[in-house]
Amino acid sequence: MTRNTRALPWVAAVGAISLGLAACSGGSTGGTTVPGGSGSAAAAVRGGTLNMLGAGDVDYMDPNISYYSVGYLGLRLWSRQLFTYPAQSGQVTQAVPDLATEMPTAGKGVSSDGLTYTIAIRPGAKWSTSPARQVTAADVVRGVKRTCNPVQPFGGLPDYLDLIVGFKSFCDGFQKVGHTAAAISSYLEGTNLPGVVAKDDLTVVFKLTHPASFFPDMLTLTAFSAAPKEYDAYVPASAELGQHTISDGPYMIESYAPTKSISLVRNPAWTASTDPIRKAYVDKVLINETITQDSVQQQLQTGTPTADMEWDVAPPPSQVPALIAKKDPNLSLGPSSSSNPYVVFNTVSPNANGALGKVKVRQALSEAISRTNIIQVLGGPKVNQALSHVLPPVIVGGEKNFDLYPYDATKAKADLAAAGYPSGLSLKMLYRNASQGSSKTFQTLQQDLSKIGVTVVGVPSPNADFYTKYLQVPTVAQRGVWDLATAGWGSDWYGNAAVSFFNPLFSGKVSFPPSGSNYGLYDSPAANTLIAQANSAKTTDEAATMWAQADQQVMKDAPFFPITNPVQANYRASQVQGAVYVPSLQNFDPANVWLSADKQGG
């Protein structure tokens, strides 16, 4: 799931599986092939309703705050970014212009010192307001500012908090204002951000504290989406804003019932000539968020008229091996460049006399968890490459393969006793009970840890609540509501992206939720120092050395237990054509599929 990097044999093999399956997909009638599609240009059909089925909701409808893969999937339909990843085979991890008119390069958009990026916005891109109006550079500035609002900041804030000139100071001041829409709006409109400036209506200028060759890739994050001035009337990420979203993409929200459904219709302000990314073949998209994972798979396989694509679920892990074995043409397997799932240890939990605050206890638990057993219940090693450290093998910069905690229950039991728990202990594990993979991971871990005298009690959560009501709320961790949790992490962008793992997940207090994703509130002075040194390294080679050392330090501290860098499995109904897996969406791109003429949905 990275770009401009060396391909590992395993990743190449996965690609071969994906291409083999795609080659079997129906709908091709010859003629000019649609870029990245499974059919042909002549076969592309406009119209119909795309029905997407799932078991949970987006984290937030707010583009500047959403930081969850299913949120990105929905935003693809109605929100545009300066740059994005296209649904074009062979190019799905290469950033291309979206709202921007062209990619910035040295001497053309990028200053000679690499510190200033000047980006032109595409004329004709418009908001779904009445009357429709141009998306402007001021809207981009507003969007970036909103990401560090005091109520619900963007979870990947550590990625660029110290990178954009004046941003940390701006955000520090933002945290001191009130939590009302009026107070937030007053600060947004009345406080300059020197590192993000609207040069004119259609030109935005970013100023960086140090060169960052990955910056255009970072700008693919939805956090950098433009925000219309109407958003000033609402608290960021609020339920009220969720009911008053404004679109600059091909679709707009017709209705939204949280955890139940989302209905999207065409945005009359959108024109295809201003959007090089989204073909928008279907007329309407209906998202049903009330279907179980097993039922979604059954409906997609059996041709239910109102079942076209997955929403927030994937094929049940137990069914993936059989789908692979029969070479099901509607199954796709794509690389993910992720650590998913992994087990988080709540380092501040008061339970069991603060056991998880002790490094030796976390190390003993890591020795007692069988990565092999978990991989087996997640679909087996063909779709789950074992991962025993922070960085997946396709991330450029610092990845070194090592394993400090090979499975050894005997050693784990002895080490747990030496840590002060000879009789074991009792822990609580948070997991998503609507997910077969999450549920089976919990059950497997429960069995593994019982062998060393550790009792694990389940804390089941609906998909929609898992992050927003549990992991993203530090007080929940501090109260000991959970001790262990399954979570997942993917690269925020591709290529040189080690920073997008370490900064949001392991960089101490600055990465604590809600402005980061360090859910277990891990804070290590040694790791913090190494991460800071890597961030400020003058060369990529120097940074790679520091990232490798940071990886070693984090694993010594054992704040989490990595399990796998998986292949992403997705399934579609036979009538869905032009389906291209886009890693950043962890699904086929819904903005570019079409439906067979005889199966237009309903």
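Preceding block: the structure.
In what follows, the accompanying structure is described. All figures in this text were calculated on a predicted structure; none of them were measured in a lab.

### Focus: the overall build of the chain
Along the chain, the regular secondary structure elements total 19 helices and 26 strands. Taking 25 Å as the expected radius of gyration for a compact globule of 602 residues, we find that the chain reaches 23 Å, a close match to that expectation. Seen through its principal axes, the chain has C-alpha atoms that stretch 70 × 55 × 45 Å. Per-residue burial for the chain yields a buried fraction of 60% across its 602 residues.

### Points about the state of the cysteines
Per the stated rule, a full pass over the model turns up one disulfide. Each sulfur in the disulfide pair cysteine 148 and cysteine 171 lies 2.3 Å from the other. One quick way to see it: the torsion about the S-S bond of cysteine 148 and cysteine 171 is about -95°, and its sign makes the bridge left-handed. Here the residue cysteine 148 occupies a position in the loop between helix H3 (137-146) and helix H4 (167-174), and cysteine 171 occupies one in helix H4, the gap between them amounting to 23 residues. Looking at cysteine 148, the relative accessible area reads 0%, which means it is buried. A relative accessible area of 4% means that cysteine 171 is categorised as buried.

### Here we look at the pattern of salt bridges
Inspection of every chain in the model, using the stated rule, returns 20 salt bridges. Among the salt bridges present, the one from arginine 278 reaches aspartate 98, with a minimum N-O distance of 2.8 Å. In this pair, arginine 278 is assigned in the loop between strand E12 (261-266) and strand E13 (284-288) and aspartate 98 in the loop between strand E3 (96-97) and strand E4 (105-106), connecting sequence segments 180 residues apart. Assigned by exposure class, arginine 278 and aspartate 98 land together as buried. Put simply, aspartate 172 and lysine 168 hold a salt bridge, and the shortest N to O gap is 3.3 Å.

### Observations regarding the side chain of asparagine 518
With respect to the secondary-structure elements, asparagine 518 resides in the loop between helix H17 (499-506) and helix H18 (525-535). We classify asparagine 518 as buried; its relative accessible area is 3%. Here tyrosine 522 takes part through its backbone oxygen, which lies 2.7 Å from a polar atom of the side chain of asparagine 518.

### Notes on the packing of aromatic side chains
Under the criterion given, the structure shown has 24 aromatic pairs. Considering the side-chain rings of phenylalanine 506 and phenylalanine 560, the 5.1 Å spacing of their centres and the 55° angle between planes classify their relative orientation as tilted. Of the two residues, phenylalanine 506 sits in helix H17 while phenylalanine 560 sits in strand E21 (residues 560-562), which places them 54 residues apart along the sequence. Members of the aromatic cluster, joined through ring pairs, are Tyr67, Tyr117, Phe154, Tyr160, Phe167, Phe170, Phe174, Tyr187, Phe206, Phe215, Phe224 and Trp489.

### Here's the deal with H17
Most of H17 sits inside the fold, with eight of its eight residues counted as buried. Looking at the buried side of H17, the elements it contacts are strand E16 (338-345), strand E20 (484-490), H18, helix H19 (540-557) and E21. Where H17 terminates, the next one or two residues include glycine 508, which has phi positive at roughly 70°.

### Brief notes about H3
With nine of 10 residues buried, H3 lies mostly within the body of the structure. For H3, the set of buried residues is Ala137, Asp139, Val140, Val141, Arg142, Gly143, Val144, Lys145 and Arg146.

### Digging into the environment of aspartate 275
Residue position: aspartate 275 is located in the loop between E12 and E13. Look at aspartate 275 and you get buried, because its relative accessible area is 5%. Sequence spacing of aspartate 275 and valine 135 is 140 residues, and the spatial spacing of their C-alpha atoms is 13 Å. When residues no more than four places from it in sequence are discounted, the contact partners of aspartate 275 are Arg80, Asp98, Pro250 and Trp270. Within polar-contact distance, the side chain of aspartate 275 engages the side chain of arginine 278 at 3.1 Å.

### Observations concerning unusual backbone geometry
For the bond from serine 130 to proline 131, the omega torsion is 0°, close enough to zero to count as cis. Take proline 131: it is sitting in the loop between strand E7 (126-127) and strand E8 (133-134). Following proline 513, the chain continues into proline 514 via a peptide bond in cis, with omega recorded as 10°. Along the chain, the position of proline 514 falls in the loop between H17 and H18. Phi angles above zero are rare outside glycine, and lysine 327 is one such case at about 55°. Its location among the elements puts lysine 327 in the loop between helix H9 (320-325) and strand E15 (331-335). With phi around 60°, asparagine 353 is a residue other than glycine that occupies positive phi space. Inspection of the secondary structure assignment puts asparagine 353 in helix H10 (residues 351-354).

### A few points about the pairing of E15
Burial analysis of E15 places four of its five residues in the buried class, which makes it a mostly covered element. In this structure, E15 lies alongside strand E22 (residues 564-571), joined through five bridges in antiparallel fashion. Its bridge partner being in E22, serine 332 is matched across the sheet by asparagine 570.

### Things to note about the side chain of arginine 432
Along the chain, arginine 432 turns up in strand E18 (residues 425-432). Salt bridges are absent for the buried arginine 432, whose nearest opposite-charge side chain, aspartate 312, sits at 7.6 Å.

### So, the sheet that holds E16
Overall, mixed pairing links the five strands, which are arranged E19-E18-E20-E16-E21 in an open sheet. Two strands close off the open sheet at either side, each with one partner strand: strand E19 (454-461) and E21. Neighbouring strand axes in the sheet, compared pairwise and without regard to direction, differ in orientation by 30° on average. As paired strands, E18 and E19 are joined by eight bridges and run parallel to one another. By the bridge assignment, leucine 427 is partnered in E19 with valine 456.

### Here's the deal with the sheet that holds E22
Spatially, the three strands line up as an open sheet ordered E15-E22-E17, and their pairing is antiparallel. Sheet topology places E15 and strand E17 (384-386) at the edges, where each strand pairs with a single neighbour. Each strand axis lies, on average, 15° off the axis of its neighbour in the sheet, ignoring direction. Note: E17 against E22, three bridges, orientation antiparallel. Its bridge partner being in E22, asparagine 384 is matched across the sheet by proline 566.

### A few points about the nonpolar core
Judged by nonpolar contacts, the single largest core of 129 residues is most densely connected at Tyr160, Phe167, Phe206 and Phe224. Each residue touching phenylalanine 167, except ones within four places of it in the same chain, is listed here: Val144, Thr147, Cys148, Leu157, Tyr160, Leu161 and Leu193.

About the criteria used
Residues numbered from 1 in each chain as written. Predicted model: local features only at pLDDT ≥ 70, side-chain atom pairs only at ≥ 80, totals over all residues. Heavy atoms only, no water. Helix = DSSP H or I, 4+ residues; strand = E, 2+ residues; numbered from the N terminus. Rg over C-alpha atoms; globule rule 2.2 N^0.38 Å. Buried < 20%, exposed > 50% of the residue type's maximum accessible area, 1.4 Å probe, protein only. Disulfide = S-S within 2.5 Å. Salt bridge = Lys/Arg side-chain N within 4 Å of Asp/Glu carboxyl O. Polar contact = N/O pair within 3.5 Å; in protein donor to acceptor, adjacent residues only side chain to side chain. Phe/Tyr/Trp six-rings, centres within 6.5 Å; stacked < 30°, edge-to-face > 60°. Contact = heavy atoms within 4.5 Å. Pairing = 2+ DSSP bridges. Lys, Arg positive; Asp, Glu negative; His and termini not counted. Axes fitted to C-alpha atoms, helices over the stretch in contact; angles between N-to-C directions. Core = buried A, V, L, I, M, F, W, Y, C linked by side-chain atoms within 4.5 Å.

In short, the description is geometric, and any link to function would need to be established separately.
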